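Letter by letter, the chains look like this.
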Amino acid sequence: MGTVEAIYISTTPAGPTSAIDAVLAIPGVGLDGDRYALKQGTFYKPEPDYELTLIEAEAIEAFRREDNLEFSPGDARRNIVTRGVALNHLVGKEFKIGKVRIRGIRLCEPCNYLQKLTGKPVIKGLLHRGGLRAQILTEGTINKGDEVVSSS
């Protein structure tokens, strides 16, 4: 299906994201060291769809091109940046990132908070392509370059 192009975590709600090469995915918790796993995320709720977020590199590139602005993958504040994966099609489906099993829960639409943090028109520019909220089903390490493969 596709690959993991980048991995980002942030230790604080409004703090900068950090690009990393690998991260431990923990079911019921999130990504080791990330604000949501630390129960510090701005919208934290102890629900599965707050464990992991993904966004397509292609969506970020299209947003930059269409709005003629600077916007890095880390600015999206999603954990995993993919390439070659139609994330919207994974809502309600299981898939794997490397050896880690994941379930797509719902779209991760851009919000006023993200727009305020970035100072960019993300609500309009990333509407319906802001990514995917997902649940981690099995523990394991997600690596930059891992394949993203549908289980069904």
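Located above this text is the structure these notes cover.
Sequence order sets the numbering: in each chain, residues are counted from 1 along the sequence as written. Per-residue local features are limited, in this predicted model, to residues with pLDDT of at least 70; the limit for side-chain atom pairs, both in listing and counting, is 80 or more; totals at the level of whole chains, interfaces and linings are taken over all residues. Based on all heavy atoms of the structure, the side-chain values leave hydrogens and waters out of the count.

(A) Representation of the environment of Lys 96 within the structure. By the secondary structure assignment, Lys 96 is in strand S7 (residues 94-97). Counting along the chain gives 73 residues from Lys 96 to Val 23, while the straight-line C-alpha distance between them is 15 Å. The contact definition used throughout considers only heavy atoms, calling two residues in contact when any of these lie within 4.5 Å. Not counting the four nearest positions on each side in its chain, Lys 96 is found in contact with Arg 101, Glu 147, Val 148, Val 149 and Ser 151. The helix and strand labels rest on DSSP assignments: H or I over at least four residues marks a helix, E over at least two residues marks a strand, and numbering proceeds from the N terminus.

(B) The side chain of Thr 118, seen in detail. On the secondary structure map, Thr 118 appears in helix H2 (residues 112-118). Of the polar contacts made by the side chain of Thr 118, one reaches the backbone oxygen of Leu 114; its length is 3.0 Å. The term polar contact refers here to a pair of N or O atoms within 3.5 Å; inside protein, the definition further demands a hydrogen-donor-capable atom paired with an acceptor-capable atom, and it admits residues adjacent in sequence only when both atoms are side-chain atoms. At 3.2 Å, the side chain of Thr 118 and the backbone nitrogen of Lys 120 are in polar contact. Apart from the residues within four sequence positions on either side, Thr 118 is in contact with Phe 71 and Asp 75.

(C) Broad picture of the packing of aromatic side chains. In this analysis, rings of Phe, Tyr and Trp, with Trp reduced to its six-membered ring, are considered paired at centre separations within 6.5 Å, and the interplanar angle assigns stacked below 30 degrees, edge-to-face beyond 60, and tilted for intermediate values. Overall, the coordinates contain two aromatic pairs when judged by the stated rule. The interplanar angle of 35° and the centroid separation of 6.1 Å between the aromatic rings of Tyr 36 and Tyr 50 together place this pair among those described as tilted. On the criterion of sequence distance, the pair formed by Tyr 36 in the loop between strand S4 (30-31) and strand S5 (52-56) and Tyr 50 in the loop between S4 and S5 is long-range, its members being 14 residues apart. Here the two residues Tyr 36 and Tyr 50 agree in accessibility, since each one is buried. Where Phe 63 meets Phe 71, the ring centres are 5.0 Å apart and the plane angle is 80°; that geometry is what we call edge-to-face. The ring of Tyr 50 is capped by Arg 133, whose NZ or CZ atom sits 4.6 Å from the centre of that ring. To sort residues, take the accessible area from a 1.4 Å probe on protein chains only and compare it with the maximum for the residue type: under 20% means buried, over 50% means exposed, and anything in between is partly exposed. Definition used: whenever NZ (Lys) or CZ (Arg) falls within 6 Å of the ring centre and also within 35 degrees of the ring normal, the charge is taken to sit over that ring.

(D) The sheet that holds S4, seen in detail. Here, a strand pair is defined by DSSP locating no fewer than two bridges between the strands. Read from one edge to the other, the open sheet built from three strands follows the order S4-S3-S10, with strand pairing classed as antiparallel. Both outer strands of the open sheet, S4 and strand S10 (140-143), are each paired with one neighbouring strand and no more. In the sheet, strand S3 (residues 22-26) pairs with S4 via two bridges, with the strands oriented antiparallel. The residue bridging Ala 25 from the neighbouring strand is Leu 31, located in S4.

(E) The arrangement of the nonpolar core in detail. Core analysis: the biggest nonpolar cluster contains 21 residues, and Leu 31, Leu 52, Leu 54, Phe 95, Ile 97, Ile 102 and Ile 142 have the highest contact counts within it. Elements represented by at least two residues in this core include exactly strand S1 (2-9), S3, S5, S7, strand S8 (100-107) and strand S9 (132-136). When sequence neighbours within four positions are dropped, the list of residues in contact with Phe 95 reads Leu 54, Leu 90, Val 100, Arg 101, Ile 102, Arg 103, Gly 104, Leu 132, Val 148, Val 149, Ser 150 and Ser 151. Remark: nonpolar core denotes a set of buried residues (Ala, Val, Leu, Ile, Met, Phe, Trp, Tyr, Cys) joined through side-chain atoms within 4.5 Å. Ranked by size, the runner-up nonpolar core spans 13 residues in total, among them Tyr 8, Phe 71, Ala 76 and Val 81.

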